[in-house]
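Here is how the chains run, residue by residue.
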Amino acid sequence: MTASHWIGTEGPDFIQRPAHRLWLLDQAQELFKLFLATLNPAGGFHALDTEGRPVENGRRQLHETTRLVHCYAMAHQLGIPGADRMIDHGMAYLWNGHRDAAHGGYLWALDNDGPTNDTKQAYGHAFVLLAASSAKVVGHPDADRLLADVTEVLMTRFWEAEAEATSEEYARDWQPLGGYRGQNSNMHLTEALMAAFEATGDLSYLGMAERIAELIINRHARAAGWRVPEHFDADWQVDRDYEGDPMFRPAGTTPGHALEWSRLLVQLWQLGGQQLGWLHEAAEALFLTTVQTAWDGARGGFYYTLDWNDRPARADRFWWPCCEGIAAASVLGQMGGDARFEEWYRRIWGFSASHLIDRRHGGWFPELDPELRPVNRVFQGKPDLYHAVQACLIPLVPANGSVTRGLRDGALRLID
């Protein structure tokens with residue numbers, strides 16, 4: 001192993017060191033400052049170009065609007081000025097822009113002239129639930145109506161009681177658009193359901209999250225050797241040959257989702273009082289399998305996708321799997337007893353700080369090619385705050401809940 005790949009494992013865990021905690025908070029604050037520029041006076045939020053400047057293209061996608069509401073709820077909890085305006089602006093656009101007053105539900109994408117994609121997608125509705133839950137935690141006056149509305153839509157339009165998971169997508173008038181079922185939307189719904197439980201105390205949200213995890217992870221990922229199948233037919237049988245949109249539905253397996261599930265399973269295990277022992281077992285197995293199969297030992301970073309023989313399919317390195325790997329290593333490390341999680345926490349942060357954080361323009365590069373050069377093949381500009389800022393904040397709060405819960409409970413600790 002060359003010196004450039006050496007990972008020092010001496011001394012206390014990084015998260016126990018005040019300087020590291022302050023560094024994480026500083027990274028988060030820089031991200032929050034950068035994305036303040038996304039506020040679009042015409043409603044919703046602008047995209048950012050590669051230099052962090054607003055793009056005047058008018059497009060607003062549901063998952064982008066909702067994620068910014070969620071993230072600036074955390075910024076508000078930290079006491080960052082300007083966060084309140086971002087939350088209020090996003091909440092108004094969710095209700096008056098994305099919400100379909102005629103047919104119910106939330107439209108996927110709009111511009112200044114109206115809908116550009118009027119489909120109703122489970123993925124987007126999961127993030128509406130997350131945004132509503134986070135807004136409720138910080139006391140936004142419109143949170144309860146948004147939470148009630150999206151919960152009703154999820155239960156009456158998307159939830160399939162027999163499968164105990166959600167269907168995928170519909171036309172504006174709720175005509176089904178094919179029989180595809182996907183784990184990605186259900187994974188994010190699991191995250192949102194836990195947030196709704198934390199915000200309301202309603203155990204029905206937690207029970208739904210546990211049932212989704214049972215289907216996707218305990219049934220299907222366990223059977224696949226702790227690889228997370230992404231694509232399914234209407235009967236929830238794995239479709240290994242499916243290939244769709246490279247951003248949301250690429251072929252093969254997506255290692256970043258296994259890392260994301262690893263983090264979510266720890267949270268689910270903790271919120272459920274550690275009653276379901278398989279959740280902790282699965283969280284560790286998913287993480288350790290993924291770092292073994294998907295990390296490039298020569299150059300670093302996670303391959304974006306693998307084929308079913310664990311060979312790189314899309315060898316570019318995206319930022320968000322590293323963010324999820326950092327978060328998962330952090331929460332698993334808090335469970336104690338296995339030094340590998342601390343080693344991986346340091347390794348992934350080391351790679352991210354060296355190659356993914358854009359020191360010139362702020363934010364993170366979304367993609368690197370196999371030579372670790374920034375590219376824009378799937379993502380454009382600075383596409384996301386959600387993954388990067390959570391990688392900075394999740395290590396700063398206890399692993400027994402979300403960041404919003406930890407900040408609400410006063411659990412953020414910076415200096416001993």
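Analysis parameters
Residues numbered from 1 in each chain as written. Predicted model: local features only at pLDDT ≥ 70, side-chain atom pairs only at ≥ 80, totals over all residues. Heavy atoms only, no water. Helix = DSSP H or I, 4+ residues; strand = E, 2+ residues; numbered from the N terminus. Rg over C-alpha atoms; globule rule 2.2 N^0.38 Å. Buried < 20%, exposed > 50% of the residue type's maximum accessible area, 1.4 Å probe, protein only. Contact = heavy atoms within 4.5 Å. Areas by Shrake-Rupley, 256 points an atom, 1.4 Å probe, with all protein chains shown as cover. Lys, Arg positive; Asp, Glu negative; His and termini not counted. Charge placed at Lys NZ, Arg CZ, Asp CG, Glu CD. Disulfide = S-S within 2.5 Å. Axes fitted to C-alpha atoms, helices over the stretch in contact; angles between N-to-C directions. Parallel < 35°, antiparallel > 145°, perpendicular 65-115°, else oblique. Left-handed = near helix turned anticlockwise from the far one by under 90°. Nonpolar A, V, L, I, M, F, W, Y, C, P; charged D, E, K, R; others polar. Salt bridge = Lys/Arg side-chain N within 4 Å of Asp/Glu carboxyl O. Polar contact = N/O pair within 3.5 Å; in protein donor to acceptor, adjacent residues only side chain to side chain. Pairing = 2+ DSSP bridges. Expected span 1.5 Å × (residues − 1). Phe/Tyr/Trp six-rings, centres within 6.5 Å; stacked < 30°, edge-to-face > 60°.

Caption draft 1: Main features of the overall build of the protein chain. Tallying secondary structure elements over the protein chain gives 13 helices and 14 strands in all. Expected size for 416 residues packed as a compact globule is a radius of gyration near 22 Å; at 20 Å, the protein chain falls within 12% of this value. By residue count, 58% of the 416 residues in the protein chain fall in the buried class. Taking as baseline every contact in the protein chain between residues at least 6 positions apart, the subset at least 24 positions apart corresponds to 65%. If you sum the accessible surface of the protein chain, you get close to 16200 Å²; carbon and sulfur atoms cover 48% of it. Distance between charge centroids for the protein chain: 4 Å, based on 37 positive and 54 negative side chains.

Caption draft 2: Focus on the state of the cysteines. In this structure the tally under the stated criterion is 0 disulfides. The thiol of Cys71 is unpaired, and the distance to the nearest cysteine sulfur, on Cys392, comes to 11 Å. The exposure class of Cys71 is buried, given its relative accessible area of 0%. With no disulfide partner, Cys322 has as its closest neighbouring cysteine sulfur the one in Cys323, 7.1 Å distant.

Caption draft 3: Representation of the packing of helix 8 (residues 255-271) against helix 10 (residues 319-334) within the structure. Packing of helix 8 against helix 10 leaves a shortest axis separation of 8 Å and a crossing angle of 30 degrees. With respect to each other, helix 8 and helix 10 are oriented roughly parallel. Seen from above, helix 8 lies across helix 10 with left-handed handedness. Of the residues in helix 10, those touching helix 8 at Gly256, His257, Leu259, Glu260, Ser262, Arg263 and Val266 are Trp320, Pro321, Glu324, Gly325, Ala327, Ala328, Val331 and Leu332. Looking at the contact of helix 8 with helix 10 residue by residue, the class counts come to 8 nonpolar, 4 polar and 3 charged.

Caption draft 4: View of the pattern of salt bridges. The full count for this structure, using the stated rule, is 29 salt bridges. The salt bridge partner of Asp307 is Arg311, with a shortest N-O separation of 2.7 Å. Note that Arg373 is salt-bridged to Asp369, the shortest N-O span being 2.8 Å. Among the charged side chains, a salt-bridge network with shared partners connects Asp49, Glu51 and Arg53.

Caption draft 5: The arrangement of the side chain of Asn184 in detail. Looking at where Asn184 falls in the secondary structure, it is placed in helix 6 (residues 183-200). For Asn184, a relative accessible area of 8% corresponds to the buried category. Of note is the side chain of Asn184, whose polar atom sits 3.4 Å from the side chain of His257.

Caption draft 6: Summary view of unusual backbone geometry. At Trp226, a residue that is not glycine, the phi angle is positive and equals roughly 65 degrees. Tracing the backbone shows Trp226 in the loop between helix 7 (203-223) and strand 11 (231-232). Non-glycine residue Asp310 carries a positive phi angle of around 65 degrees. Within the secondary structure layout, Asp310 lies in the loop between strand 12 (303-306) and strand 13 (312-318).

Caption draft 7: Region of interest: the sheet that holds strand 5 (residues 114-117). In spatial order, the strands read 3-4-5; together these 3 strands make up an open sheet with antiparallel pairing. Edge positions in the sheet fall to strand 3 (60-61) and strand 5, since each has one partner strand and no second. The pairing of strand 4 (residues 109-111) with strand 5 spans 3 bridges and is classified as antiparallel. In the sheet register, Leu110 faces strand 5, and the bridge partner there is Pro115. Across the sheet, helix 3 (residues 83-98) lies against strand 3 and strand 4, angled at about 90 degrees from strand 4, the strand it touches most.

Caption draft 8: Seen up close, helix 1 (residues 18-35). Over its 18 residues, helix 1 runs 26 Å from end to end, which matches the ideal 26 Å to within 8%, given 1.5 Å per residue. Those residues of helix 1 not exposed but buried are His20, Arg21, Leu24, Leu25, Gln27, Ala28, Leu31, Phe32, Leu34 and Phe35.

Caption draft 9: Quick peek at the environment of Pro41. With respect to the helices, strands and loops of the structure, Pro41 is situated in the loop between helix 1 and strand 1 (47-48). Classification of Pro41 by relative accessible area gives exposed; the value is 72%. With 48 residues separating them along the chain, Pro41 and His89 place their C-alpha atoms 8.7 Å apart.

Caption draft 10: Local environment of the packing of aromatic side chains. Applying the stated criterion across every chain yields a total of 21 aromatic pairs. The interplanar angle of 85 degrees and the centroid separation of 6.5 Å between the aromatic rings of Tyr304 and Trp320 together place this pair among those described as edge-to-face. Separated by 16 residues along the polypeptide, Tyr304 in strand 12 and Trp320 in helix 10 bring together distant segments of the chain. On the basis of relative accessibility, which here comes to 1%, the residue Tyr304 falls in the buried class. Ring-pair connections join several aromatic residues into one group, and the members of that group are Trp108, Tyr123, Phe127, Phe248 and Tyr386.

Caption draft 11: Structural context of the sheet that holds strand 14 (residues 367-368). On the basis of which strands lie adjacent, the open sheet formed by 3 strands has the order 12-13-14 and antiparallel pairing. Each edge of the open sheet carries a strand with a single partner, namely strand 12 and strand 14. Here 3 bridges tie strand 12 to strand 13, and the two strands are oriented antiparallel to one another. From the neighbouring strand, Tyr303 faces strand 13, where its bridge partner is Arg317. Where helix 10 meets the sheet, its contacts fall on strand 12 and strand 13, and the angle it forms with strand 13 comes to roughly 80 degrees.

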